[in-house]
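Per-entry structural report
Residue strings, one per chain:
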Amino acid sequence: MTDAVQRRYARFAEEEAPGRSELYAEWARGVAADGAVSRVIERIPENRRQPPLVFAVTRMLGAGLDGFGAWRDFVLAHADDIVAECTARRLQTNEPLRLSPLLPVLSEIDGPIALLEIGASAGLCLYPDRYSYRFIDAAGAVRRTLDPESGPSPVVLESVVTGALPPMRLPRVVWRAGIDLTPLDAADDRDRRWLQGLVWPGEEGREQRVAAALDIAASDPPLLIAGDALAEVDALARSAPAEATLVITTPGVLVHIPREPRTALVERIRGLPARWITIDPPGLLDVWEPAVDAETWPGFVVALDGAVRAASDPLGRRWEWRAGMHSAAI
């Protein structure tokens, strides 16, 4: 079994970490060659041994961003705590930058808006009206800026947009709620360190963006429900204010739900008196209008009620508006 752990981490070091985090590549190479650390990781359930999860847990518990030798010493000294935390936690990519390609879709919907997110984590994607936006071209030149009425936000969502810029405005959000198997509290120190630890070392600006978004969420907490979305979404949707348009978002979460419950959840959402916005791999669902070719579609699909609006990378860093137009890859 230890060999399987070492192969998994060797693969991560060779195929996933390069170009994104040299430190994580170093840690993973170290695990692949170290029997003692591999045996600690072997104690973690197999579906909780992903290198980014294990690395984030160690950082949450106090490991510094040092070389493999220092990290190894930390792992061996805190093995029981690491195993327990990895067993209890799962990867939760709460990236507010995903709101960048969602903003033009939200702009199509009349307000006020009641916003409900499936897989909300700490709820950082429930504040599209509280963030600043910078849309730039491939050369880095600013094409358009949007700020809240109160002025520039400490959270600035900068994304590269190719092709035409659609009409955009900040929505008026009057209610914020979410469902997650393990929702996080933006005001809780350990939960904050957990989310910040999920940012890979070397991802420039992302940790600061997440920290600033956590401050906004902590100052005005959303309603977060712990549970299975299929079981909870009806009741939560009914609690939204009647005078607002209910908008349900599933940004990047459906890919983590097995096929049968995923299909049932999408059907349930589409049966509610609500608008539905999602970001998903093109081959994940068969609801796209018009249909997309999963082999040639660049990135993920951004859609409103299944109607294709944009192509985006999974985290919203680059996107292209495609509603009613044919254009080049992002």
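For the structure, see preceding data.
First things first, this report covers the structure right here in the doc. Every chain begins its residue count from 1, and numbering advances along the sequence as written. Note on the predicted model: pLDDT of at least 70 is required for a residue's local features to be given, and 80 or more for side-chain atom pairs to be given and counted; whole-chain, interface and lining totals, by contrast, use all residues. Side-chain numbers come from the whole structure's heavy atoms, not from hydrogens or water.

Structural notes on the layout of surface pockets
Convention followed: Only protein atoms enter the 1 Å grid used here, on which a cavity is any set of points holding a 1.4 Å probe that cannot leave and a pocket is any open set flanked by protein within 12 Å on both sides along at least five of seven lines; residues with an atom within 4 Å of a point are listed as lining. Grid points are joined across faces, edges and corners, and a volume is the space filled by probe spheres set on the points. Put simply, DSSP H or I for four residues or longer makes a helix, DSSP E for two residues or longer makes a strand, and each gets a number counted from the N terminus. Residue polarity is assigned by list, with Asp, Glu, Lys and Arg as charged and Ala, Val, Leu, Ile, Met, Phe, Trp, Tyr, Cys and Pro as nonpolar; anything else, Gly included, falls into the polar class.
Considering only enclosed or pocket space, the largest pocket measures out at about 1,200 Å³ in volume. Together, 48 residues line the largest pocket, and Leu-91, Gln-92, Thr-93, Gly-252 and His-256 are the ones closest to its centre. Of all the secondary structure elements, the ones that give two or more residues to the lining of the largest pocket are α1 (2-16), α4 (51-60), β1 (113-118), β5 (173-180), α9 (206-219), α10 (229-238) and α11 (259-270). Considering every element that reaches the lining of the largest pocket, the biggest residue donor is α1, with four residues. Class assignment of the residues belonging to the lining of the largest pocket gives a composition of 25 nonpolar, 10 polar and 13 charged.

A word on the environment of Leu-23
Put simply, the rule reads: Only protein chains enter the accessibility calculation, which uses a 1.4 Å probe; a residue whose area is less than 20% of its type maximum is buried, one above 50% is exposed, and one in between is partly exposed. Residues are treated as being in contact if the distance between any of their heavy atoms lies within 4.5 Å.
Inspection of the secondary structure puts Leu-23 in helix α2 (residues 22-32). Leu-23 sits in the buried class, given a relative accessible area of 16%. Separated by 300 residues in sequence, Leu-23 and Ala-323 place their C-alpha atoms 40 Å apart. Excluding its chain neighbours within four sequence positions, the residues that come into contact with Leu-23 are Leu-65, Asp-66, Gly-67 and Pro-201.

Looking at the packing of α4 against helix α8 (residues 189-197)
We count it as follows: Lines fitted to the C-alpha atoms define the axes, with helices restricted to the stretch that makes contact. Angles between their N-to-C directions range from 0 to 180 degrees. Oblique is the label for every angle not falling under 35 degrees (roughly parallel), over 145 degrees (roughly antiparallel), or within 65 to 115 degrees (roughly perpendicular). Note: crossing handedness is left-handed where the near helix turns anticlockwise from the far helix by less than a right angle, and right-handed where it turns clockwise.
With their axes 8 Å apart at the nearest point, α4 and α8 run at an angle of 140° to one another. When the axes of α4 and α8 are compared, the pair comes out oblique. As α4 packs across α8, the resulting crossing turns out to be right-handed. Contact residues: Leu-53, Ala-56, Val-57, Arg-59 and Met-60 in α4; Arg-190, Arg-193, Trp-194, Gln-196 and Gly-197 in α8. Considering only residue class, the contact of α4 with α8 consists of five nonpolar, two polar and three charged.

Describing the packing of aromatic side chains
Centre-to-centre distance and the angle between the planes together describe a pair of aromatic rings. Worth spelling out the cut-off: Whether two aromatic rings pair depends on their centres lying within 6.5 Å, for rings of Phe, Tyr and Trp, where Trp uses its six-membered ring; planes under 30 degrees apart make the pair stacked, over 60 edge-to-face, and the rest tilted. Ring-over charges, as used throughout, are those where CZ of Arg or NZ of Lys falls within 6 Å of the ring centre and within 35 degrees of the ring normal.
All told, the structure shown has 12 aromatic pairs when counted by the stated rule. On the numbers, 6.0 Å between centres and 70° between planes, the contact of Tyr-9 with Phe-55 is edge-to-face. Of this pair, Tyr-9 sits in helix α1 while Phe-55 sits in helix α4; the two residues are 46 residues apart in sequence, bridging distant segments of the chain. Taken as a pair, Tyr-9 and Phe-55 share a single burial class, namely buried. One aromatic cluster in this structure is built from Tyr-9, Phe-12, Tyr-24, Trp-27, Phe-55, Phe-68, Trp-71 and Trp-200. Above the face of the Trp-200 ring, Arg-20 is positioned so that its terminal group lies 3.6 Å from the ring centre. Positioned above the aromatic ring of Trp-297 is the side chain of Arg-322, whose terminal nitrogen or guanidinium carbon lies 4.8 Å from the ring centre.

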